[in-house]
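What follows is each chain in one-letter form.
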Amino acid sequence: MFGFGSKDVGIDLGTANTLVYMKEQGIILREPSVVTRNIHTREIVAVGSEAYKMIGRTPNTLETIRPMKDGVIADFDMTAAMMRHYLREALKTAGGSMLWKPNVMVCAPYGITSVEQRAIIDATYQAGAGNAFTIEEPLAAAIGVGLPVWEPAGSMIVDIGGGTTEVAVVSLGGIVVSESVRIAGDAMDHAIMTYVRRKHNVMIGEPTAERIKMEVGTARVYRENKSMQIRGRDMLTGHPQTVTITSEEVAEALKEPVSAIIEGVKKTLETTPPELSVDILETGIMLTGGGALLKNLDRVLSEEMQMGVNVADSPLDCVAIGTGMALENMRPARRQARQR
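What counts, and where the lines are drawn
- Residues numbered from 1 in each chain as written.
- Predicted model: local features only at pLDDT ≥ 70, side-chain atom pairs only at ≥ 80, totals over all residues.
- Heavy atoms only, no water.
- Helix = DSSP H or I, 4+ residues; strand = E, 2+ residues; numbered from the N terminus.
- Rg over C-alpha atoms; globule rule 2.2 N^0.38 Å.
- Buried < 20%, exposed > 50% of the residue type's maximum accessible area, 1.4 Å probe, protein only.
- Contact = heavy atoms within 4.5 Å.
- Areas by Shrake-Rupley, 256 points an atom, 1.4 Å probe, with all protein chains shown as cover.
- Lys, Arg positive; Asp, Glu negative; His and termini not counted.
- Charge placed at Lys NZ, Arg CZ, Asp CG, Glu CD.
- Pairing = 2+ DSSP bridges.
- Axes fitted to C-alpha atoms, helices over the stretch in contact; angles between N-to-C directions.
- 1 Å grid on protein atoms, 1.4 Å probe; cavity = no way out; pocket = protein on both sides within 12 Å on 5 of 7 lines; lining within 4 Å.
- Points joined across faces, edges and corners; volume = space filled by probe spheres on them.
- Nonpolar A, V, L, I, M, F, W, Y, C, P; charged D, E, K, R; others polar.
- Polar contact = N/O pair within 3.5 Å; in protein donor to acceptor, adjacent residues only side chain to side chain.
- Phe/Tyr/Trp six-rings, centres within 6.5 Å; stacked < 30°, edge-to-face > 60°.
- Lys NZ or Arg CZ within 6 Å of the ring centre and 35° of its normal.
- Domains from an automatic or database assignment.
- Buried area = accessible area lost by both parts, 1.4 Å probe.
- Salt bridge = Lys/Arg side-chain N within 4 Å of Asp/Glu carboxyl O.
- Parallel < 35°, antiparallel > 145°, perpendicular 65-115°, else oblique.
- Left-handed = near helix turned anticlockwise from the far one by under 90°.

Asker: Can you help me understand the overall build of the protein chain in this one?
Answerer: A tally of regular secondary structure across the protein chain gives twelve helices and 18 strands. Relative to its length of 340 residues, the protein chain is compact, with a C-alpha radius of gyration of 20 Å against a globular reference of 20 Å. Dimensions of the protein chain along its principal axes, counting C-alpha atoms only, are 65 × 55 × 30 Å. Out of the 340 residues in the protein chain, the part that is buried amounts to 53%. By sequence separation, contacts in the protein chain at least 24 residues apart represent 61% of the contacts at least 6 residues apart. Per element, the accessible surface of the protein chain, about 15400 Å² overall, is 48% carbon and sulfur. Side chains of the protein chain give 35 positive and 41 negative charges; the mean places of these two sets differ by 5 Å.

So, in structure tokens, the structure goes:
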């Protein structure tokens, strides 16, 4: 048997960002899921924010990668090293050390294969966990946002992360129906990059695309059409170029990713039992994840689905908080967490 102590850790191991939640302290670490390493020696040069600053700026001897792709591990060694770094930093912040082997629960996309799940568990142990568990991402998000997941009532959660959008209907502590869409925040960034290249003949990088999305991005323009200046490389001359992009242009660029998310919600509702559909119609849909911050996305989704749509108060934190809360309350959560 094992006990649960003050150093228990919940990790939202996301494609774009990693958040660490510690019992009684809340979220104590929030870093990009990025690692920079030496190509020849494979030595890790930077992790997290420091590595993110290097995207598109590294010499030939270095490469900056995202070890997570679509919510699952794409590079096992780099993921384990990244988690080890974050666990060490989190425990240091909490006044502990890696001599304390914490119990760690990591969220994982719903419907991943047993091989993918095993990779997450193995990476967690390699990072220094005493005991490792996984919990489905949409369930963790629902717990974190405060939905009545343990009651016999249907709640719909739409968690828009970096690599995937998880749509799920939760009831009685479990996921009744779910749809995983491989379109989320990263796909939005790439859609903006493609649009700017096609419309303005200017190449921009992921950080610039993300800044566009955050500052003037919108799912649909209703009133205010904002604009901002961006810099990139002119595809014809190869010289630096400054162009202006508007909210209307961003909405046009994001039309396909937004439609894919809406389609995922529709498919989930189509397979939801009638009794739970009635509950969802009354309570509405809850949006979480970084993608939920896209302006007017809730309004567009509400118009398409003809029901209420709410954005969580802290959409970026819900999965990490729910993962930690599930670990704090292992008795009900153990039905969903799977120890390996």
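Asker: Even after reading the chapter, I still don't get the sheet that holds strand 12 (residues 165–171), so can you show me in this structure?
Answerer: What links the strands of a sheet is backbone hydrogen bonding, and the strands pair in either a parallel or an antiparallel sense. One open sheet holds the five strands; their spatial order is 13-12-11-17-18, and the pairing between them is mixed. Looking along the sheet, the strands with just one partner apiece sit at the ends: strand 13 (174–181) and strand 18 (309–311). Across the sheet, the mean angle separating the axes of adjacent strands is 20° when strand polarity is ignored. Here four bridges tie strand 11 (residues 155–160) to strand 17 (residues 285–288), and the two strands are oriented parallel to one another. Residue pairing in the sheet places D159 in a bridge with T288 of strand 17.

Asker: I keep staring at the layout of surface pockets and nothing clicks. Help me out?
Answerer: In this approach the atoms are scanned with a rolling probe the size of a water molecule, which exposes any empty space left behind. Space inside the largest pocket adds up to approximately 820 Å³. Lining the largest pocket are 39 residues, with A16, N17, G290, G291 and L316 positioned closest to its centre. The biggest single contributor to the lining of the largest pocket is helix 6 (residues 206–216), with five residues. Looking at the lining of the largest pocket residue by residue, the class counts come to 14 nonpolar, 13 polar and twelve charged. Taken as a whole, the second largest pocket spans an internal volume of roughly 210 Å³. Residue assignment for the lining of the second largest pocket shows that the elements contributing at least two residues are helix 6 and strand 15 (227–234).

Asker: Quick question: what am I supposed to make of unusual backbone geometry here?
Answerer: With the exception of glycine, most residues fall at negative phi, and the peptide bonds are largely trans. Even without being a glycine, R42 presents a positive backbone phi close to 60°. Mapped onto the elements of the fold, R42 is located in the loop between strand 4 (35–38) and strand 5 (44–47). Positive phi, close to 55°, is recorded for L172, a residue that is not glycine. One can find L172 in the loop between strand 12 and strand 13. On the basis of relative accessibility, which here comes to 55%, the residue L172 falls in the exposed class.

Asker: What exactly am I supposed to notice about the environment of R37 here?
Answerer: Topologically, R37 is positioned in strand 4. Considering only alpha carbons, one finds R37 and L62, 25 residues apart in sequence, at a separation of 5.7 Å. With sequence-adjacent residues up to four places away left out, R37 is seen in contact with R42, E43, I44, V45, T61, L62, E63, I65, D75 and M78. Among the polar contacts made by the side chain of R37, one reaches the side chain of E63 at a distance of 2.6 Å. Among the polar contacts listed, one links the side chain of R37 to the side chain of D75, at a separation of 3.2 Å.

Asker: Where do I start with the sheet that holds strand 4 in this structure?
Answerer: Pairing within the open sheet is antiparallel, and its three strands lie in the order 5-4-6. Edge strands, defined here as strands with exactly one partner in the open sheet, are strand 5 and strand 6 (62–65). Strand-to-strand twist in this sheet, taken as the mean axis angle between neighbours without regard to direction, amounts to 20°. In the sheet, strand 4 pairs with strand 5 via three bridges, with the strands oriented antiparallel. By the bridge assignment, T36 is partnered in strand 5 with A46. Along the sheet, helix 2 (residues 76–93) makes contact with strand 4, strand 5 and strand 6, crossing strand 5 at roughly 55°.

Asker: Looking at this structure, how should I read the packing of aromatic side chains?
Answerer: One pair of aromatic rings is described through two measures. These are the centre distance and the angle between the planes. This model, assessed by the stated rule, comprises zero aromatic pairs. The residue whose ring lies beneath R299 is Y222, and the NZ or CZ to ring-centre distance is 3.6 Å.

Asker: I would appreciate a short explanation of the domain arrangement of the protein chain in the present structure.
Answerer: Accessible area lost upon the coming together of the parts serves often as the stated size of an interface. Taken domain by domain, the protein chain consists of domain 1 (8–137 + 318–338), domain 2 (140–183 + 259–314) and domain 3 (185–253). Computed from C-alpha atoms alone, the centre-to-centre distance between domain 1 and domain 2 is 25 Å. Taken together, the 20 residues of domain 1 in the interface contact 20 residues of domain 2. For the domain 1 face of the interface with domain 2, the top three residues by lost area are Y110, E137 and C318, together amounting to 41%. The interface formed by domain 1 and domain 2 holds zero salt bridges in total. Listed by contribution, the elements that provide at least two residues to the side of domain 1 that touches domain 2 are strand 10 (131–136), helix 11 (318–328) and helix 12 (330–333). At seven residues, helix 11 tops the list of elements feeding residues into the side of domain 1 that touches domain 2. In terms of residue class, the side of domain 1 that touches domain 2 is made up of eleven nonpolar, five polar and four charged.

Asker: So what exactly am I meant to see when it comes to the packing of helix 2 against helix 3 (residues 114–126) here?
Answerer: A pair of packed helices is captured by two measures, namely the crossing angle of their axes and the spacing between those axes. At their nearest, the axes of helix 2 and helix 3 sit 8 Å apart, and the two run at 45° to each other. When the interaxial angle is binned, helix 2 and helix 3 end up oblique. In this structure, the crossing between helix 2 and helix 3 has a hand that is right-handed. Two secondary-structure elements touch here, helix 2 through F76, T79, A80, M83 and R84 and helix 3 through A119, D122, A123, T124 and Q126. Per-class residue counts for the contact of helix 2 with helix 3 are five nonpolar, three polar and two charged.

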